[in-house]
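Now for the letters of each chain:
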Amino acid sequence: MALPQPKIDTLEARLGALTMPADGWPRAAREAALERLRAMGLPGARDEYWKFTRPDTLTAPEAPEAALFDAGEPPMFDAFDRLKIVFTDGVFDPAASDDLALEGIEIARLEEAGAADLHWAREVYGTLEARGHAPVPRPLAALNTAYATDGVLIRVTATPSKPVSLIYRHASTTSDAYLHHCIKVETGASLTLLENGPAAARFNNVIEADIADGATLHHVRAQGRDHERRAATHIFARLGEASVFKSFSVTVNGVMTRNETVVEMAGERGVAHIAGASVGDRGFHGDDTVFITHAAPDCESRQVFKKVLRNGATGVFQGKILVPSVAQRTDGYQISQSLLLDDDSQFLAKPELEIYADDVACSHGSTSGAIDEDSLFYLRARGVTKDEATDILTLSFLAEAVEEIEDEDLAGDITARLEGWLARRRG
Amino acid sequence: MLTIENLHVKLEEEDKEILKGVDLSVEAGKVHAIMGPNGSGKSTLSYVLSGREGYEVTEGSAQLDGQEILEMEPEERAAAGLFLAFQYPVEIPGVGNMTFLRTAVNAQRKARGQEEMNSTEFLKLVRARAKELDIDAEMLKRGVNSGFSGGEKKRNEILQMAMLEPRMCILDETDSGLDVDAMKLVAQGVNKLRDAGRGFLVITHYQRLLDHIVPDVVHIMANGRIVKTGGPELALEVEKSGYADFAGEVA
C-alpha cells in the first residue's frame, strides 16, 4: 500500500538531512533498512502505536535544541569497575574510553567494522530490527539501522570479569546522535551491559541483542536527569533456549523519552524480565513500549513498570504479551503502575495480552494511585516529616521495579540515586 | 503527663460524634488501660491523640507535659514524645526496616535540636533491642512489616517504641492477632520500658493482655466516654461479666 503523501513528505524531509555511511558490509543492511522505512514511513500523530506520544520532535529534520545539563554529582555507575566505552554526541571518544579489550569478549566499533569480516555481526546488524516490525512497525529503528554512524559490536564468548559500560556525553546543544549496537552472547556466555548519560540533544539508539542457548544478558540503563532530553531507543532481543535477558531502565526527567523493547523468545525455557522506574516532573514525557513474543513453549516473561509523576508530567506504558499456540506453558506477567503526586499528571497505559495457546499462566494489571494516606500517617506518627515520608513511600513504590535488577550493588546504587534525587527536589 | 479534658470529637466527613467528653490523666511512671466494647471510641482516641486525619475536635483539649498537642502535626507530636503502637501496622515494602528505624530516630532527634545518632551507636542499640524482642537480622533487613506475620508486626512496633524512647506510649489493641507466646514477648518488651519517666495508655478489648502488662489504673470506655475508673480488679470484672453492665451505667 502506498504511503499517504504527508508521510512521504515527512520522511523525505528527514532523509534529506542525513547521509548514509558508505561502509563495507553494513551497507547492504542499511539499504534494506531504508527500503523497509520507505514502506512504513516515519511515525505520525495518527498512528495507533503513537497514540500517547507525539513523534514530531523525534522525526523532525533538525533536532530541537537541548541545553547541556550539569548533574553536579558523579555520573551513574561511577563507583563500579567496568569497561568504559564513551560516546560524545554520538561519536566514539577514544581518549575517554578504556582499551576495547577484555577477556571473554570481542569489541569492534561499527564505524570501523565495515572493513573487517565480522561474520557474527553481519548476521545480527539490521536482522533483529527487521524482525521487530511485525505486527507493529518501528520506523525509527529502521531509520537508525540505515543511518547510524557509530556504536559497538560486541561478541561475548565467555563471562568477562566486569560489565561493559556505554557512557553517553552531551556536548553540543543541537547534536543529533544515531548509535547502533549489536551484541551477540554466545552459548553459555554472559554479559552485564550498562548504559548511562545524556547522549545528545536528540538521541536515537538501537541495541540488537542475540542471546544464544544458555546465555545471559543483563542490561541496566540510566536515563537522567537531563531535563531537555529527547530520546527514542529500541532494544531488539532474541532469546535462545534456556537463555536469560534482564533489562532495567531508570528514567528521570527528559521531555521526550520513548523506550521500545522488543523480545522474541525463540527457544524453550527462556527468561525475559523487562522493568523500568521513572520519575517525572512538569514537562516530563516518558514512554515505555514493550512487546514480548513467546515463540517457544515453557518460557517466562515479566514486565514491571513503575512511574512517579507530578506537576503535569505524563507517563506512558504500552506492553504486550503475545502467546502463539506453540507456546504452551508460558508464564507471563505484566504490571504497570503510576503514582500520581497531584491532579495534573497523567498515566496512559495500554496493557495487552494476546493468547492462542491453551495452557498458559498470564496475568496483567495496571493501576494509578496517590500516596496511601494510612502509610503516610504511619510514617509521620514515627516523627518523619510529611515530605520525607512522601519520598520514602515513593521509593517504596519504585522498589518493585528496581528489585528486578539482578545485581544487588547496582540496584543499591540506583536506589541511593533515586533517594538523592527525590531529596534534592524537596530542596 | 498526658491530660485529656472534656474531649469531643466527630468524624470530619459525617456529622457523627465519636468521643463525647473524655477526661483522662496519665501520670509519668503509670500504666493506664482503657477497655471497652467495640465502637466505644477507644481507637478513635488513640488516632486523635496521634494526629490522624479525618477527625474534628469540637471541644476540649489534650496536653502532653503541659503542651497542647491537638493542633500539632503528627510528626511534631512524635518529636514531643508521643508514640502510637498501631493496631494494624502498615507494610512498606522496599524500604528496609533498619533504614526506616534510623530515619525515624534521626528525624525526631533533628526536630528536638539534637545531633543525629551515629551509625555505629545506632546499630549497636538496634541489635540489642531487637534481640530482646526476638527480631533477627533478616527481619531488620526486610521491608518495613513487609510479609511479616501478625506477631512480627507487633514486635516490630515495640522495637520502634524501644528505639524512639517516647515519653508517652499509646498501645492500640496490641494484643489483637497475637498468640500467647507472642503476647508474652510483646508484654515483656513493654514492661522493660516501664520507668518513672514514662506513661502508658494501653487500649484493649480483652483482659488477657493486662495479665502480662499489669496496669495501675483501668478505665472503662463506653459510648464515647470513660464510664468507670478503678484498679486492675476492674479488668477482671469485665472478664467475668462483660461490658453489658457498664453500657448500662451510661444509659
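Residues numbered from 1 in each chain as written. Chains lettered and ligands numbered in written order. Predicted model: local features only at pLDDT ≥ 70, side-chain atom pairs only at ≥ 80, totals over all residues. Heavy atoms only, no water.

In the nomenclature of an unreviewed UniProt entry, chain B corresponds to Fe-S cluster assembly ATPase SufC from the organism Rhodosalinus sediminis.

The name given to chain A in an unreviewed UniProt entry is SufD family Fe-S cluster assembly protein, with Rhodosalinus sediminis as the source organism.

Regarding the overall build of chain A
Broken down by element type, chain A carries 10 helices and 20 strands. For chain A, the spread of C-alpha atoms along the three principal axes comes to 65 × 50 × 50 Å. Across chain A, contacts joining residues at least 24 apart in sequence account for 84% of those joining residues at least 6 apart. With the model as given, the accessible surface of chain A reaches about 15800 Å², and the carbon-plus-sulfur share is 48%. Looking at charge distribution, chain A has the averaged site of its 43 positive side-chain charges lying 3 Å from that of its 66 negative ones. (Helix = DSSP H or I, 4+ residues; strand = E, 2+ residues; numbered from the N terminus. Contact = heavy atoms within 4.5 Å. Areas by Shrake-Rupley, 256 points an atom, 1.4 Å probe, with all protein chains shown as cover. Lys, Arg positive; Asp, Glu negative; His and termini not counted. Charge placed at Lys NZ, Arg CZ, Asp CG, Glu CD.)

A look at the UniProt feature "domain: SUF system FeS cluster assembly SufBD core" (unreviewed entry) in chain A
Here, UniProt's "domain: SUF system FeS cluster assembly SufBD core" (unreviewed entry) annotation points to residues 175-397 of chain A. Between the end C-alpha atoms of residues 175-397 of chain A the distance is 35 Å, and the span holds 9% helix and 61% strand. (UniProt positions renumbered as here; feature names shortened; annotations may be inferred.)

Overview of the confidence of the model for chain B
Chain-level statistics for chain B give a pLDDT mean of 92 and a share of 98% at 70 or above. The ipTM for the predicted assembly is 0.96, set against a pTM of 0.92. (pLDDT = per-residue confidence, 0-100.)

What to know about helix α9 (residues 233-241) of chain B
Residues of α9(B) that are buried include every one of B:Leu234, B:Ala235 and B:Val238, and no others. Down the axis, α9(B) shows its buried residues gathered within 105° of arc, on one side only. (Buried < 20%, exposed > 50% of the residue type's maximum accessible area, 1.4 Å probe, protein only. Arc of directions from axis to C-beta.)

Structural notes on the sheet that holds strand β4 (residues 55-64) of chain B
All names here are of chain B. Strand order in the open sheet formed by 4 strands is β2-β1-β4-β5, with antiparallel pairing between adjacent strands. Of all the strands in the sheet, the pair left with one neighbour each is β2 (17-26) and β5 (67-68). When strand β1 (residues 2-11) meets β2, the two strands line up antiparallel, connected through 7 bridges. Among the inter-strand pairings, Val9 is bridged to a residue of β2, identified as Leu19. Relative to β1, helix α1 (residues 42-50) is tilted by about 105°, and along the sheet it contacts β1, β2 and β4. (Pairing = 2+ DSSP bridges. Axes fitted to C-alpha atoms, helices over the stretch in contact; angles between N-to-C directions.)

Quick notes on the sheet that holds strand β10 (residues 216-223) of chain A
Residue and element names in this part refer to chain A. Pairing within the open sheet is mixed, and its 10 strands lie in the order β2-β1-β6-β8-β10-β12-β14-β16-β18-β20. For this open sheet the edge positions go to β2 (91-92) and β20 (361-369), each flanked by a neighbour on one side alone. Across 11 bridges, the pairing between strand β14 (residues 271-281) and strand β16 (residues 300-310) is parallel. Residue pairing for β16: Gly280 is matched across the bridge by Leu309. Its contacts with the sheet put helix α9 (residues 386-402) on β12 (244-252), β14, β16 and β18 (331-340), and the angle it makes with β16 is roughly 155°.

Points about the interface of chain B and chain A
Every contact between the two is made by 29 residues of chain B and, on the other side, 19 residues of chain A. Surface buried jointly by chain B and chain A totals about 2000 Å² across both partners, of which 62% is contributed by carbon and sulfur atoms. Note that A:Arg380 is salt-bridged to B:Glu75, the shortest N-O span being 2.7 Å. Mapped by element, the contributors of at least two residues to the side of chain B that touches chain A are α1, α2 (74-79), β6 (82-85), β7 (92-96), α3 (97-111) and α6 (150-164) of chain B. Of all the elements, α3(B) adds the most residues to the side of chain B that touches chain A, at 5 residues. (Buried area = accessible area lost by both parts, 1.4 Å probe. Salt bridge = Lys/Arg side-chain N within 4 Å of Asp/Glu carboxyl O.)

Digging into empty space enclosed by the protein
All names here are of chain A. For the structure on display, the rule yields 4 cavities of 30 Å³ or more. There is about 130 Å³ of room inside the largest cavity. Those elements giving two or more residues to the lining of the largest cavity turn out to be β8 (190-196), β9 (202-211), β10 and β11 (230-239). When grouped by side-chain class, the residues that make up the lining of the largest cavity number 7 nonpolar, 6 polar and 5 charged. (1 Å grid on protein atoms, 1.4 Å probe; cavity = no way out; pocket = protein on both sides within 12 Å on 5 of 7 lines; lining within 4 Å. Points joined across faces, edges and corners; volume = space filled by probe spheres on them. Nonpolar A, V, L, I, M, F, W, Y, C, P; charged D, E, K, R; others polar.)

What about the packing of α3(B) against helix α4 (residues 119-132) of chain B?
When two helices pack together, their arrangement is given by the angle between their axes and by how far apart the axes lie. All names here are of chain B. Contact pair α3 / α4: the axes reach a minimum separation of 11 Å and the direction vectors enclose 115°. The two elements α3 and α4 cross, and the hand of that crossing is right-handed. Note on element contacts: α4 touches α3 through Ser119, Phe122, Leu123 and Val126, opposite Met98, Leu101, Arg102 and Val105. Taken together, the residues of the contact of α3 with α4 sort by class into 6 nonpolar, 1 polar and 1 charged. (Left-handed = near helix turned anticlockwise from the far one by under 90°.)

Structural notes on the packing of aromatic side chains
Applying the stated criterion across every chain, the model contains 10 aromatic pairs over all chains. Seen in terms of ring centroids, A:Phe87 and A:Tyr168 are 6.3 Å apart; in terms of plane orientation they differ by 40°. Their pairing is tilted. In this pair, A:Phe87 is assigned in strand β1 (residues 83-88) and A:Tyr168 in strand β6 (residues 164-169), connecting sequence segments 81 residues apart. The same class applies to A:Phe87 and to A:Tyr168, which are both buried. Both rings, one in A:Phe377 and one in B:Tyr47, keep their centres 6.4 Å apart while their planes meet at 75°; by these two values the pair is edge-to-face. Highlighted residues: A:Phe377 in helix α8 (residues 373-381) and B:Tyr47 in helix α1, drawn from two different chains. Given the relative accessible area of 14%, B:Tyr47 is considered buried. One cation-aromatic arrangement involves A:Arg258 over A:Trp50; the distance from NZ or CZ to the ring centre is 3.7 Å. Stacked on the ring of A:Phe397, the Lys or Arg A:Lys306 has its end atom at 4.6 Å from the ring centre. (Phe/Tyr/Trp six-rings, centres within 6.5 Å; stacked < 30°, edge-to-face > 60°. Lys NZ or Arg CZ within 6 Å of the ring centre and 35° of its normal.)

Side note on the nonpolar core
All names here are of chain A. Ranked by size, the top nonpolar core spans 118 residues in total, and within it Phe248, Ile414 and Leu418 carry the most contacts. With 8 residues, α9 is the single largest residue contributor to this core. Here this core spans two domains, since at least three of its residues come from each of domain 1 (5-267) and domain 2 (373-427). Excluding residues that lie within four positions of it along the chain, Leu418 makes contacts with Val250, Val252, Val279, Leu395, Leu398 and Val402. Judged by nonpolar contacts, the second largest core, of 48 residues, contains Ile105, Ile107, Val164 and Cys299. (Core = buried A, V, L, I, M, F, W, Y, C linked by side-chain atoms within 4.5 Å. Domains from an automatic or database assignment.)

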